[in-house]
Amino acid sequence: MGASQILEDINASVDFDHRLAQYDIEGSIAHAKMLEHVGILTAEDSAQIQSGLLQIAEEVSGGIFEFKRELEDVHMNVESRLQQIIGPAAGRLHTARSRNDQVALDFKMWTRAALESLDEQLSNVVDVLLQRAQQHHADIMPGFTHLQCAQPITFGHHLMAYVEMFLRDRSRVKDALARISECPLGAAALAGTSYPIDSQFTASALGFSRPCRNSIDAVSDRDFALDYLFTASTVSMHLSRLAEELIIWSTTQFGFARLPEQLTAGSSIMPQKRNPDPAELIRAKSARVFGNLQTLLVVLKGLPLAYFKDMQEDKEPVFDTADSLRLCLRAMTAIVEGLEVNTKRMRSDATSGFATATDLADWLVRGLGLPFREAHGITGRIVRLAEAAQLELHELTLEQMQTVDPRIQEDGLKALDVDRATAARLSAGGTSPVRVLEAIDEAKQRNTSRN
């Protein structure tokens, strides 16, 4: 392999940056309009350029545009084709522009669209979680800490925890979209341009709030890509946690839920098994997304200002993340929507593992006026009594409890009822079905208001 071929192979980016084609064309049309607006381009040249670019856009969308590797990147491919269509006038398009600000613009526009798409998908998964939470707002299940039965909660309350996570993710998207709203076009190579351009005209035409404030930062900034990757990583982490619970719940040992049949896979040897492959892959793909964030951080960490070819490595991690995350969100939305919930098994397990021990301790505080630490100690001794007798707390008689502390009364037994225990937790954000319904209504408003 000759040196020229090696250079082409390592330098070419069109194999992946062809995704930017529609944004490159949009940016070029806006640039041509601006050049005409300030008198740098004649109306005739501007019209020719715009007409040619629109033809290229149709070729790209129709799948007939030929991307040539020897032309290195998407920008030169579009420019070369424009010259074929309209001739020498195509050469005027690059006036007052560099590939440095051009690629920064295209990548920003692509990432902005990816953020908007992510926000829509997050809204969809929140909608499905809210529907299931409403359906199960009063269904009892065990709440866990350390994966051990802790206190009874409602399944709706548990799902609402994920609603909060994904709504926070939507707020991160909103923050990233606010920061991305500065247009780099006009920065040229790094120092700006001597042509009398109107950068605000271009920014407004492309849906940005303003031009970038510093031309060096405009071409060297990739914070917007990091913002996307960080947000995507957090979303992936939340998806992975939910996937993990769905995997656990669908085991025979738990039996809390059954995943949709069409979103499980059979075993090659064991005919009775249905494996939660999509949920497992959602969990695994989070590692891939995290790795992409780390990749771009390491690419950027040692770069002086302004532009270096290293920055060509910024796009593949972002593109790969967007593809992975889009698929994972689609899969998770479908899984939650089709989930079969075994409320009977959940309720049964909520009465085991001494889940209402805290409620008994709370009754000792309220009913007998004991300090909580003393009540905690008494309840612990009652739990050990139940363990020795191989009984659950609610199976103990009043007489058995009074062997630990004779002050315990009949009302103390009522505190062990799981329905009563969950209904009593009326504090803000608590698991009481009343609070869960309030939280659902409020979350619906937040999810709608961010659309």
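Analysis parameters
- Residues numbered from 1 in each chain as written.
- Predicted model: local features only at pLDDT ≥ 70, side-chain atom pairs only at ≥ 80, totals over all residues.
- Heavy atoms only, no water.
- Helix = DSSP H or I, 4+ residues; strand = E, 2+ residues; numbered from the N terminus.
- Rg over C-alpha atoms; globule rule 2.2 N^0.38 Å.
- Buried < 20%, exposed > 50% of the residue type's maximum accessible area, 1.4 Å probe, protein only.
- Contact = heavy atoms within 4.5 Å.
- Areas by Shrake-Rupley, 256 points an atom, 1.4 Å probe, with all protein chains shown as cover.
- Lys, Arg positive; Asp, Glu negative; His and termini not counted.
- Charge placed at Lys NZ, Arg CZ, Asp CG, Glu CD.
- Salt bridge = Lys/Arg side-chain N within 4 Å of Asp/Glu carboxyl O.
- Polar contact = N/O pair within 3.5 Å; in protein donor to acceptor, adjacent residues only side chain to side chain.
- Expected span 1.5 Å × (residues − 1).
- Pairing = 2+ DSSP bridges.
- Axes fitted to C-alpha atoms, helices over the stretch in contact; angles between N-to-C directions.
- Parallel < 35°, antiparallel > 145°, perpendicular 65-115°, else oblique.
- Nonpolar A, V, L, I, M, F, W, Y, C, P; charged D, E, K, R; others polar.
- Patch = residues over 30% accessible without salt bridge, like charges linked within 9 Å, V, L, I, M, F, W, Y side chains within 5 Å.

## Description of the overall build of the protein
Scanning the protein from N- to C-terminus turns up 19 helices and eight strands. Radius of gyration (C-alpha) of the protein: 30 Å, far over the 22 Å computed for a compact globule of 451 residues. Burial status across the protein gives 47% buried among its 451 residues. For the protein, contacts bridging at least 24 residues in sequence account for 76% of all contacts bridging at least 6. Accessible surface, the protein as shown: approximately 21,300 Å² in total, 51% of it carbon and sulfur. Measuring between centres, the 46 positive side-chain charges of the protein sit 4 Å from its 61 negative side-chain charges.

## So, the environment of L229
Tracing the backbone shows L229 in helix α10 (residues 223-249). With a relative accessible area of 0%, L229 lands in the buried category.

## Points about the side chain of R97
Its location among the elements puts R97 in the loop between α5 (74-86) and α6 (99-135). For the buried R97, which has no salt bridge, the nearest side chain bearing the opposite charge is E79, at an N-O separation of 5.0 Å. Of note is the side chain of R97, whose polar atom sits 2.9 Å from the side chain of S28. Look past the residues within four positions of R97 in its chain and what remains in contact with it is G27, S28, H31, Q102 and L185.

## Section: the side chain of D359
You can see D359 is positioned in helix α14 (residues 357-368). Excluding its chain neighbours within four sequence positions, the residues that come into contact with D359 are P152, A415, A421 and R425.

## Section: the pattern of salt bridges
For the structure on display, the rule yields 29 salt bridges. Between R170 and D119 there is a salt bridge, with its nearest N and O atoms 2.8 Å apart. Placement of R170 in helix α7 (residues 155-179) and of D119 in helix α6 is noted, with a sequence separation of 51 residues between them. Taking relative accessible area as the criterion, D119 reaches 14% and is therefore assigned buried. A salt bridge links D169 to R172; the shortest N-O distance between them is 2.8 Å. On the criterion of helical spacing, the pair formed by D169 and R172 is a turn pair, its members being three residues apart in helix α7. Taking relative accessible area as the criterion, D169 reaches 0% and is therefore assigned buried. One network of salt bridges, with partners in common, ties together E72, D73, R99 and K309.

## What about unusual backbone geometry?
Between L305 and the following residue, A306, the backbone shows a cis peptide bond with an omega angle of 15 degrees. With respect to the element layout, A306 can be found in the loop between α11 (277-300) and α12 (315-338). Here the phi dihedral of L147 falls at roughly 60 degrees; this positive angle occurs in a residue that is not glycine. Residue classification places L147 among the exposed positions, given a relative accessible area of 58%. You will see that A188, though not glycine, has its phi angle at about 55 degrees, which is positive. With respect to the secondary-structure elements, A188 resides in the loop between β3 (182-183) and α8 (199-205).

## Focus: α14
Relative to the 16 Å expected for 12 residues at 1.5 Å per residue, α14 spans 16 Å between its end C-alpha atoms, a close match to the ideal helical length. Those residues of α14 not exposed but buried are A357, D359, L360, A361, W363 and L364. Tucked into the core, α14 has its buried residues touching β2 (148-154), α15 (372-389), α17 (410-414) and α18 (418-424). In the stretch just after α14, G369 is the one whose phi turns positive, near 70 degrees.

## Focus: the pairing of strand β1 (residues 140-145)
Both β1 and β2 contribute to a ladder of six bridges, which runs antiparallel. Following the sheet pairing, G143 is matched in β2 by Q151. What sits between the antiparallel neighbours β1 and β2 is a turn of two residues, in which H146 has the positive phi angle 55 degrees.

## Notes on the packing of helix α3 (residues 21-37) against helix α4 (residues 43-61)
Remark: α3 packs on α4, axes separated minimally by 9 Å, with the N-to-C direction vectors making an angle of 170 degrees. Between α3 and α4, the interaxial angle falls into the category roughly antiparallel. Touching A21, I25, S28, I29, A32, K33 and E36 of α3 are A43, S46, I49, Q50, L53, L54, I56, A57 and V60, all from α4. Considering only residue class, the contact of α3 with α4 consists of 11 nonpolar, three polar and two charged.

## So, a nonpolar patch on the surface
Residues L190, I216 and L305 make up a contiguous nonpolar surface patch of about 260 Å² in total accessible area. Among the secondary structure elements, L190 is positioned in the loop between β3 and α8.

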